[in-house]
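# Topology and contacts: notes
Spelled out, the chains give:
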Amino acid sequence: MDEKNMAVLYLRLSKEDKDKLVKGDDSASIRNQRLLLADYALQHDFRIVDVYSDDDESGLFDTRPEFDRMLTDAKLGKFQVVIAKSQSRFSRNMEHVEKYLHHDFQNLGIRFIGVVDGADTANMGNKKSRQINGLVNEWYCEDLSANIRSAFKAKMRDGQYLGSSCPYGYMKDPKNHNHLVIDEYAAGIVKRIFYLYLKGKGKAKIGRILTEEGVLIPTLYKREILGIPYHNARELKTTRSWSYQTIHSILNNEVYIGNMVQNKYNNLSYKDKKHVRQPKDQWICVAGTHEAIIDLDTFRKVQERQKIRTKSVSPAGKDSVFSGIIFCADCKHAMVRTYERRGSHRFVGYCCKTYKTQGKKICTSHTIRYEQLKTAVLRSIQKEAKKILTPSKIGYLKQVEAVSSLVENYQSQIQYLEKEIERRESYKKKTYQNYMDDLISREEYISYVRQFESENAHLREKAENMKVQSEGQKRLDYEYSEWIERFINYIDVKEMTWEMALEFIERIEVNEDGSINIYYKFRNQNVM
């Protein structure tokens with residue numbers, strides 16, 4: 001047979017094609033494409049030397065795995081003819097039609113044949129019709145892309161989740177894949193990240209803590225524990241460490257308070273896979289679409305703390321524990337730093353920014369020494385601690401911690417029992433299949449099923465008892481303030497620190513006479 005008759009078949013099916021197929025009509029399927037093209041090759045004396053098949057790949061892009069392999073083999077001279085069902089199966093991108101069919105393939109001496117639409121690069125007379133078909137195919141993709149985007153945005157506005165992978169801490173509802181449900185283990189890690197941050201741990205520090213404890217990063221958790229073939233384009237293949245950026249993203253994601261925020265990124269165009277970030281006013285946010293992991297108050301505190309921390313870690317504020325929270329009591333503007341006029345010019349205190357920039361006609365100096373301010377604030381915090389940390393409340397805190405630990409233990413055991421019940425149910429199904437396949441007798445099948453049902457009944461009873469005990473512990477009703485736990489960390493503190501200021505104080509205002517007003521996050525208090 002002539003070498004010019006060495007042909008390959010190219011098959012392609014996109015997701016959109018699959019969606020349009022109905023039961024009993026698989027004319028566009030990969031299998032039927034192969035049969036059609038093989039029959040055509042046989043009738044026209046072509047010898048098939050290879051078959052390239054791209055499943056679930058768009059015809060707009062030339063980054064298809066099998067398409068790419070075909071182009072490589074073409075350059076190696078392994079064939080002289082490419083046969084496809086139509087030009088649109090080969091490509092729906094006019095740029096690629098011109099590049100490959102009318103340039104690269106001609107230079108390589110390769111002929112392209114579209115069986116259904118009559119495209120044939122050996123016939124120069126139908127080049128214009130091929131180009132027109134290329135434009136029509138591209139217009140079709142453009143219209144389809146616009147329709148899909150419109151449908152997606154409508155679903156987003158309805159609060160349906162459209163991501164291929166769920167945010168860490170959630171999984172797709174088995175009954176509705178557009179709805180999120182909580183993944184208890186990962187949700188526990190999310191709660192701990194928020195807790196550690198409010199305890200004064202930085203994002204990088206939290207990452208180190210989780211890494212040292214062996215907690216899997218979200219990408220590896222999804223792959224190794226949940227069994228999801230998750231791909232992260234920004235992933236460093238060698239790392240198993242929690243990064244600053246991962247912690248930052250979790251702390252700022254509204255999904256954890258039950259809100260669905262989507263349409264953050266979009267493709268540049270229907271012909272480009274590159275994602276670009278959208279302006280915030282184009283994001284689609286729907287509140288209350290799923291169960292929250294973090295309560296709204298905690299989330300807001302984290303956002304506020306990040307703003308203060310951003311100011312406080314700047315080079316100008318690194319040696320002051322009050323950066324970002326100290327203001328003039330009269331004009332309400334921020335205080336600025338003052339320095340020694342002679343010698344080392346070290347930082348010594350604060351004065352009103354309005355006074356410094358516009359003079360005493362607008363506001364007065366409100367000067368205060370830094371060491372004097374630290375002493376006064378520390379004395380006030382210690383005074384508040386004595387009021388809050390009574391022996392009875394400290395004892396109650398220890399009881400609450402013990403109860404919390406006990407409840408967590410119950411929850412862990414309940415999850416284990418539920419998994420055991422699920423495992424035995426799967427054994428029942430396998431046993432039935434073995435019976436149907438004549439691998440076991442009817443008597444054996446009945447005996448196994450009775451055993452599984454008896455074991456599951458016992459496990460269900462045990463799980464229910466634990467749920468009752470767990471709920472009983474949760475119902476312990478005491479007057480408990482979150483500030484007990486916060487203040488207990490500072491019972492014996494002797495030095496005012498930035499962490500303490502961030503933990504307790506909303507703002508400090510300095511009066512002209514040197515006295516200060518401290519606005520605590522739990523209530524207002526005038527001191528000095």
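Per chain, the residues get numbers from 1 upward, laid out in the order the sequence is written. Given that the model is predicted, a residue must reach a pLDDT of at least 70 before its local features are reported, and side-chain atom pairs must reach 80 or more before they are shown or counted; all residues, however, enter totals for whole chains, interfaces and linings. With hydrogens and water stripped out, all remaining heavy atoms of the structure feed into the side-chain values.

In this section: the overall build of the chain. Comment: elements are numbered from the N terminus, with helices defined as DSSP H or I runs of at least four residues and strands as E runs of at least two. On a plain count of helices and strands, the chain comes out with 17 helices and 17 strands. Burial classes: relative accessible area under 20% of the type maximum marks a residue as buried, over 50% as exposed, and values in between as partly exposed (1.4 Å probe, protein chains only). Taking all 528 residues of the chain together, the buried fraction comes to 41%. Considering only intrachain contacts with a sequence separation of at least 6, the fraction spanning at least 24 residues in the chain is 64%. Using the Shrake-Rupley algorithm and a 1.4 Å probe, accessible areas are obtained, with residue cover drawn only from the displayed protein chains. Put simply, the chain shows about 30,700 Å² of open surface, and 50% of that area lies on carbon and sulfur atoms. Contacts are assigned to residue pairs with any non-hydrogen atoms lying within 4.5 Å of each other.

Three- or four-residue spacings in an α-helix give side chains the same orientation, since the helix completes a turn every 3.6 residues. Given a rise of 1.5 Å per residue, 15 residues ought to cover 21 Å, and the 20 Å separating the end C-alpha atoms of helix α5 (residues 94–108) matches this to within 8%. Along α5, the largest kink reaches about 30° and is centred on Tyr100. Here α5 has its buried residues at Met94, His96, Val97, Tyr100, Leu101, His102 and Phe105. Here α5 starts with a cap whose side-chain oxygen sits 2.9 Å from the backbone nitrogen of Glu95, and that cap is Asn93. Gly109 occupies a position one or two residues after α5 and carries a positive phi of about 70°. Working rule for helices: expected span equals 1.5 Å times residues minus one. Two axes are fitted around each residue, one to the seven residues ending there and one to the seven starting there, and the angle between them is reported as the bend at that residue. Pairs of N or O atoms within 3.5 Å make up the polar contacts considered here, provided that, within protein, one atom can donate a hydrogen while the other can accept it, and that residues adjacent in sequence are counted only when both atoms are side-chain atoms.

For helices, the fitted axis covers only the stretch in contact; all axes are lines through C-alpha atoms, and the angles between them, taken along N-to-C directions, range from 0 to 180 degrees. α5 packs onto helix α3 (residues 65–75) with a crossing angle of 35° between their chain directions and a minimal axis gap of 9 Å. Each of Phe67, Leu71, Ala74 and Lys75 in α3 lies in contact with α5, whose residues at this interface are Tyr100, Phe105 and Leu108. When residues are sorted by character, Ala, Val, Leu, Ile, Met, Phe, Trp, Tyr, Cys and Pro go into the nonpolar class, Asp, Glu, Lys and Arg into the charged class, and all the rest, Gly among them, into the polar class. Considering only residue class, the contact of α3 with α5 consists of six nonpolar, no polar and one charged.

Moving on, we get to helix α7 (residues 184–198). The terminal C-alpha atoms of α7, which comprises 15 residues, lie 21 Å apart, in line with the 21 Å expected from a rise of 1.5 Å per residue. By the burial criterion, the buried members of α7 are Ala186, Ala187, Ile189, Val190, Ile193, Phe194, Leu196, Tyr197 and Leu198. The first or second residue beyond α7 is Gly200, which carries a positive phi of 100°.

Counting 35 residues, the largest nonpolar core has Tyr168, Ile193, Phe194, Trp242 and Tyr256 as its most contacted members. Residue assignment for this core shows that the elements contributing at least two residues are β6 (176–182), α7, α8 (203–212), α9 (218–225), α10 (244–251) and α11 (296–312). The biggest single contributor to this core is α7, with nine residues. Beyond its immediate stretch of four places on either side in the chain, Tyr256 contacts Pro167, Tyr168, Tyr170, Val190, Phe194, Ile250, Ala292, Ile293 and Ile294. Core analysis: the second largest hydrophobic core is formed by 29 residues, Ile368, Ala376, Ala501 and Val510 among them. Definition of nonpolar core: a set of buried residues of the types Ala, Val, Leu, Ile, Met, Phe, Trp, Tyr and Cys, connected through side-chain atoms within 4.5 Å.

Right, let's get into the pattern of salt bridges. The salt bridge criterion pairs a side-chain nitrogen of Lys or Arg with a carboxyl oxygen of Asp or Glu, the two atoms within 4 Å. Overall, the coordinates contain 16 salt bridges when judged by the stated rule. Note that Arg69 is salt-bridged to Glu66, the shortest N-O span being 3.0 Å. Of this pair, Arg69 and Glu66 both sit in helix α3, three residues apart, which is roughly one turn of that helix. For Arg69, a relative accessible area of 31% corresponds to the partly exposed category. One salt bridge connects Glu509 with Arg507, and the closest N-O pair in it is separated by 3.2 Å. Judged by its relative accessible area of 5%, Glu509 is buried. Accessibility expressed as a relative area gives 23% for Arg507, which makes it partly exposed.

In this section: unusual backbone geometry. Across residues other than glycine, the phi torsion is negative in most instances, and most of the peptide bonds are trans. In this model, Lys332 sits at a positive phi of 70°, which is unusual for a non-glycine residue. Relative accessible area serves as the criterion here: at 42%, Lys332 is assigned to the partly exposed category.

Note on ring pairs: Phe, Tyr and Trp rings are taken, using the six-membered ring of Trp, and paired if centres are within 6.5 Å. Classes follow the plane angle, with under 30 degrees stacked, over 60 edge-to-face and the rest tilted. All told, the structure shown has 19 aromatic pairs when counted by the stated rule. Ring centres 6.4 Å apart and planes at 75° place the aromatic pair Tyr10 and Phe90 in the edge-to-face group. Taken together, the residues Tyr10 in strand β1 (residues 6–13) and Phe90 in helix α4 (residues 87–90) connect sequence positions 80 residues apart. Just as Tyr10 is buried, Phe90 falls in that class too. Judged by centre distance (6.5 Å) and plane angle (70°), the rings of Tyr350 and Tyr370 are edge-to-face. With Tyr350 in strand β13 (residues 347–352) and Tyr370 in helix α13 (residues 370–388), this residue pair connects regions lying 20 residues apart in the sequence.

Axis separation between α7 and α8 bottoms out at 10 Å; the angle between their running directions is 135°. Here α8 runs oblique to α7, going by the angle between their axes. Along this stretch, α7 crosses α8, giving a crossing that reads as right-handed. In this structure, α7 contributes Ile189, Arg192, Ile193, Leu196 and Tyr197 to the contact, and α8 contributes Lys203, Ile206, Ile209 and Leu210. Classifying every residue of the contact of α7 with α8 by side-chain character gives seven nonpolar, no polar and two charged. Put simply, angles under 35 degrees are roughly parallel, angles over 145 are roughly antiparallel, angles from 65 to 115 are roughly perpendicular, and the rest are oblique. Take the far helix as the reference: if the near one is turned anticlockwise from it by less than a right angle, the crossing is left-handed, and if turned clockwise, right-handed.

Next up on the list: the pairing of strand β16 (residues 516–520). The element β16 is largely enclosed, with a buried count of four among its five residues. Note on pairing: two strands pair once DSSP finds at least 2 bridges between them. The loop that links strand β15 (residues 505–510) with its antiparallel partner β16 comprises five residues; one of these, Gly514, has a positive phi angle of about 95°.

Of all six residues making up β13, six are buried, and the element is well covered by its neighbours. Both strand β12 (residues 335–339) and β13 contribute to a ladder of five bridges, which runs antiparallel. Following the sheet pairing, Tyr339 is matched in β13 by Phe347. Alignment of β13 against strand β14 (residues 368–369), held across two bridges, turns out to be antiparallel. Bridged to Tyr350 within β14 is Ile368.

Moving on, we come to the confidence of the model for the chain. Per-residue confidence from the predictor is reported as pLDDT, a score between 0 and 100. In the predicted model, the chain carries a mean pLDDT of 78, and the fraction of residues at 70 or more is 75%. In this model, residues 20–27 is a region of pLDDT below 50 whose contacts with residues beyond four sequence positions or in other chains number seven contacts. Across residues 524–528 the pLDDT falls below 50, and counting only partners more than four positions away or on other chains, this stretch makes 16 contacts in the model.

Next up on the list: the environment of Ile193. Position of Ile193 among the secondary structure elements: in helix α7. A residue is classified by how much of its surface remains accessible, and Ile193, at 0% relative accessible area, is buried. For Ile193, the contacting residues outside a window of four places in its chain are Ile206, Leu210, Trp242, Ile247, Ile250 and Leu251.

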